[in-house]
Amino acid sequence: MDLIAEKNGERVLVQCKHWRTWTLQEKVVREMLGSMTHYGTTRGAIYTLKGWTAPAADFARQHAIQLVDGAELARRASSKLSEATL
């Protein structure tokens with residue numbers, strides 16, 4: 001795990017994958033679910049630059065694990081930077 005975030009008593013696990021050429025596989029999402037069980041959390045997020053396979057996305061949806069790719073990260077950063085300059 002790269003980050004365990006807690007707010008108002010809810011904990012979320014976050015894992016970051018900086019892979020530029022590897023697509024996130026279902027195995028990584030399954031490992032996240034195992035970590036969520038270990039840490040007693042009900043939510044998780046995996047940030048990856050490249051993207052993910054359909055089985056990884058299906059498994060993530062079933063277990064409240066958010067997948068975020070590089071394009072979404074860039075959009076979020078741009079939005080925050082735009083808000084900061086207003």
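In this text, all values refer to a predicted model and were calculated from it rather than measured experimentally.

## Thoughts on the pairing of strand β3 (residues 43-48)
Here's step 1: Of all 6 residues that make up β3, 5 are buried, and the element is covered over most of its length.
Here's step 2: Strand direction decides the pairing type here: strand β2 (residues 10-17) and β3, joined by 6 bridges, are parallel. Paired with Lys17 across the bridge in β3 is Thr48.
Here's step 3: Regarding the hand of the β-α-β motif, the stretch spanning β2, helix α1 (residues 26-39) and β3 is right-handed.
Here's step 4: Summarising the sheet, β3 and strand β4 (residues 65-68) pair through 4 bridges and their orientation is parallel. Residue pairing across strands places Tyr47 opposite Val68, the latter belonging to β4.
Here's step 5: Handedness of the crossover joining β3 and β4 through helix α2 (residues 54-62): right-handed.

## Examining the packing of α1 against α2
Here's step 1: At a closest axis distance of 8 Å, the pairing of α1 and α2 adopts a crossing angle of 20°. Relative to α2, α1 is oriented roughly parallel. Here α1 and α2 pass one another in a crossing that is right-handed. Contacts between α1 and α2 involve Glu26, Val29, Arg30 and Leu33 on the former and, on the latter, Pro55, Ala56, Phe59 and Ala60.

## Some remarks on the pairing of β2
Here's step 1: Where strand β1 (residues 3-7) lies against β2, 5 bridges are found, and the strand directions are antiparallel. Paired with Leu3 across the bridge in β2 is Val14.
Here's step 2: Following β1, the chain reverses through 2 residues before pairing antiparallel with β2; Asn8 in that reversal takes a positive phi of roughly 50°.

## Quick word on the confidence of the model for the chain
Here's step 1: Summing up the model confidence of the chain, the mean pLDDT is 91 and the portion of residues at 70 or higher is 97%.
Here's step 2: When the elements of the chain are averaged for pLDDT, helix α3 (residues 70-85) gives the smallest value, 84, and α2 the largest, 98.

## Description of the nonpolar core
Here's step 1: Of all hydrophobic cores here, the largest spans 13 residues; its most connected members are Leu24, Val29, Met32, Ile46, Ile65 and Leu67.
Here's step 2: For this core, the secondary structure elements donating two or more residues are α1, α2 and β4.
Here's step 3: Those residues in contact with Met32 that lie beyond four places of it in its chain are Met1, Leu13, Val14, Gln15, Gly44, Ala45, Ile46 and Ile65.
Here's step 4: By size, the runner-up hydrophobic cluster in this structure holds 5 residues, among which are Val12, Val14, Ala45 and Tyr47.

The rules behind each value
Residues numbered from 1 in each chain as written. Predicted model: local features only at pLDDT ≥ 70, side-chain atom pairs only at ≥ 80, totals over all residues. Heavy atoms only, no water. Buried < 20%, exposed > 50% of the residue type's maximum accessible area, 1.4 Å probe, protein only. Helix = DSSP H or I, 4+ residues; strand = E, 2+ residues; numbered from the N terminus. Pairing = 2+ DSSP bridges. Right-handed = clockwise from strand over helix to strand, strands pointing away. Axes fitted to C-alpha atoms, helices over the stretch in contact; angles between N-to-C directions. Parallel < 35°, antiparallel > 145°, perpendicular 65-115°, else oblique. Left-handed = near helix turned anticlockwise from the far one by under 90°. Contact = heavy atoms within 4.5 Å. pLDDT = per-residue confidence, 0-100. Core = buried A, V, L, I, M, F, W, Y, C linked by side-chain atoms within 4.5 Å.

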